[in-house]
Amino acid sequence: DQQVKQNSPSLSVQEGRISILNCDYTNSMFDYFLWYKKYPAEGPTFLISISSIKDKNEDGRFTVFLNKSAKHLSLHIVPSQPGDSAVYFCAATNDYKLSFGAGTTVTVRA
Amino acid sequence: NAGVMQNPRHLVRRRGQEARLRCSPMKGHSHVYWYRQLPEEGLKFMVYLQKENIIDESGMPKERFSAEFPKEGPSILRIQQVVRGDSAAYFCASSPLGASYEQYFGPGTRLTVT
């Protein structure tokens, strides 16, 4: 049963523009949300996280927004850079088990 | 400051053979987690271990799969009598004590069953 969904398998964005990645979840018990970035043949790398008591968290070019009533979160990357081309996974948890979405492949065009 | 280490990076096994995947957590981390990623899917939780203890193995198939994290040495994920459906990328993560949300992932082992 897929508790975390990323409905866009891919996203193409021009360098310098904003990338917006979306994620929906169904389990209202989740209280911590994370975004990971993954390059081919490597493991996921932690990017940014947010607790359910907040609705926004910012770290440099990355901002995560959480809308609990809609059970939706999004990751904004601005400005997008060529090195941002990767697969991005949304994950959620309320203990130690991370539930992952299927990922969104981001391609940043020059 | 080495990160999470996994070996081998690639493993090819014939149907019916055994696969052993190893994971060394980050220095100072005492919690290890194994996840499996099937093609076109996200990572799925398999098992959570602390030194000499299996805390939660609810995501691991009941048959043929086992995991351990001994007092000395790496954590081992063992798959006996592999089948084609076991072909996947297996990722190990570790976290420090008291911070199970902060999971740092290794590079993964890609298992191919022929």
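See above for the structure.
Predicted, not measured: the structure shown is a model, and the values here were computed from it. (Residues numbered from 1 in each chain as written. Chains lettered and ligands numbered in written order. Predicted model: local features only at pLDDT ≥ 70, side-chain atom pairs only at ≥ 80, totals over all residues. Heavy atoms only, no water.)

Trainee: What exactly am I supposed to notice about the overall build of chain B here?
Mentor: Counting its regular elements, chain B contains zero helices and eleven strands. Its helices and strands taken in sequence order, chain B reads β-β-β-β-β-β-β-β-β-β-β from the N to the C terminus. Here the C-alpha radius of gyration of chain B, 13 Å, is about what a compact globule of 114 residues would show, namely 13 Å. When the backbone C-alpha atoms are referred to their principal axes, chain B occupies close to 40 × 25 × 25 Å. For chain B, with 114 residues in total, the buried portion stands at 44%. (Helix = DSSP H or I, 4+ residues; strand = E, 2+ residues; numbered from the N terminus. Rg over C-alpha atoms; globule rule 2.2 N^0.38 Å. Buried < 20%, exposed > 50% of the residue type's maximum accessible area, 1.4 Å probe, protein only.)

Trainee: Teacher, can you tell me more about the overall build of chain A here?
Mentor: Summing up its helical and strand segments, chain A has zero helices and eleven strands in all. Along its sequence from the N terminus, chain A presents helices and strands in the succession β-β-β-β-β-β-β-β-β-β-β. Against the globule reference of 13 Å for 110 residues, chain A gives a C-alpha radius of gyration of 13 Å, in line with a compact fold. Overall size of chain A, expressed as C-alpha extent along the three principal axes, is 40 × 30 × 20 Å. Evaluated residue by residue, chain A yields a buried proportion of 45% over its 110 residues. Accessible surface, chain A: about 5,300 Å² in total, of which carbon and sulfur atoms supply 49%. (Areas by Shrake-Rupley, 256 points an atom, 1.4 Å probe, with all protein chains shown as cover.)

Trainee: Explain the side chain of Gln 6 of chain A to me, please; I cannot follow it from the model alone.
Mentor: All names here are of chain A. Note on placement: Gln 6 falls in the loop between β1 (4-5) and β2 (10-14). The exposure class of Gln 6 is buried, given its relative accessible area of 8%. Within the structure, the side chain of Gln 6 is placed 3.0 Å from the backbone nitrogen of Gly 103, a separation counted as a polar contact. Other than its neighbours up to four places away in sequence, Gln 6 contacts Asn 22, Cys 23, Trp 35, Tyr 88, Phe 89, Cys 90, Gly 101, Ala 102, Gly 103 and Thr 104. (Polar contact = N/O pair within 3.5 Å; in protein donor to acceptor, adjacent residues only side chain to side chain. Contact = heavy atoms within 4.5 Å.)

Trainee: I tried to follow the sheet that holds strand β1 (residues 5-7) of chain B on my own but got confused; where do I start?
Mentor: Two pairing modes exist for strands in a sheet, parallel and antiparallel, and in both the strands are linked by backbone hydrogen bonds. Residue and element names in this part refer to chain B. The antiparallel open sheet is built from four strands, whose spatial order is β1-β3-β8-β7. Edge positions in the sheet fall to β1 and β7 (65-68), since each has one partner strand and no second. Across this sheet, the average inter-strand angle for adjacent strands is 15 degrees, counted without regard to direction. Here β1 pairs with strand β3 (residues 19-24) via three bridges, running antiparallel. Opposite Met 5, over in β3, you have Ser 24 as the bridge partner. (Pairing = 2+ DSSP bridges. Axes fitted to C-alpha atoms, helices over the stretch in contact; angles between N-to-C directions.)

Trainee: Please explain the state of the cysteines as it appears in this structure.
Mentor: Two cysteines, two sulfur atoms, one covalent bond between them: this is a disulfide. Residues and elements named next belong to chain A. Throughout the structure, instances matching the rule amount to two disulfides over all chains. Residue pairing for Cys 23: its cysteine sulfur links by disulfide to Cys 90, the two sulfurs lying 2.0 Å apart. One disulfide, between Cys 23 and Cys 90, carries an S-S torsion of -70 degrees and so falls in the left-handed class. Highlighted residues: Cys 23 in strand β3 (residues 19-25) and Cys 90 in strand β9 (residues 86-93), separated in sequence by 67 residues. (Disulfide = S-S within 2.5 Å.)

Trainee: Looking at this structure, how should I read the interface of chain B and chain A?
Mentor: When the parts of a complex come together, some accessible area is lost, and that lost area is often used as the size of the interface. Taken together, the contacts link 20 residues of chain B with 20 residues of chain A. Summed over both sides, the interface of chain B with chain A buries roughly 1,600 Å², with 60% coming from carbon and sulfur. Its largest share of buried area at the contact with chain A, chain B owes to Leu 43, Tyr 101 and Phe 105 of chain B, together 39% of the area lost on that side. At the junction of chain B with chain A, the criterion picks out one salt bridge. (Buried area = accessible area lost by both parts, 1.4 Å probe. Salt bridge = Lys/Arg side-chain N within 4 Å of Asp/Glu carboxyl O.)

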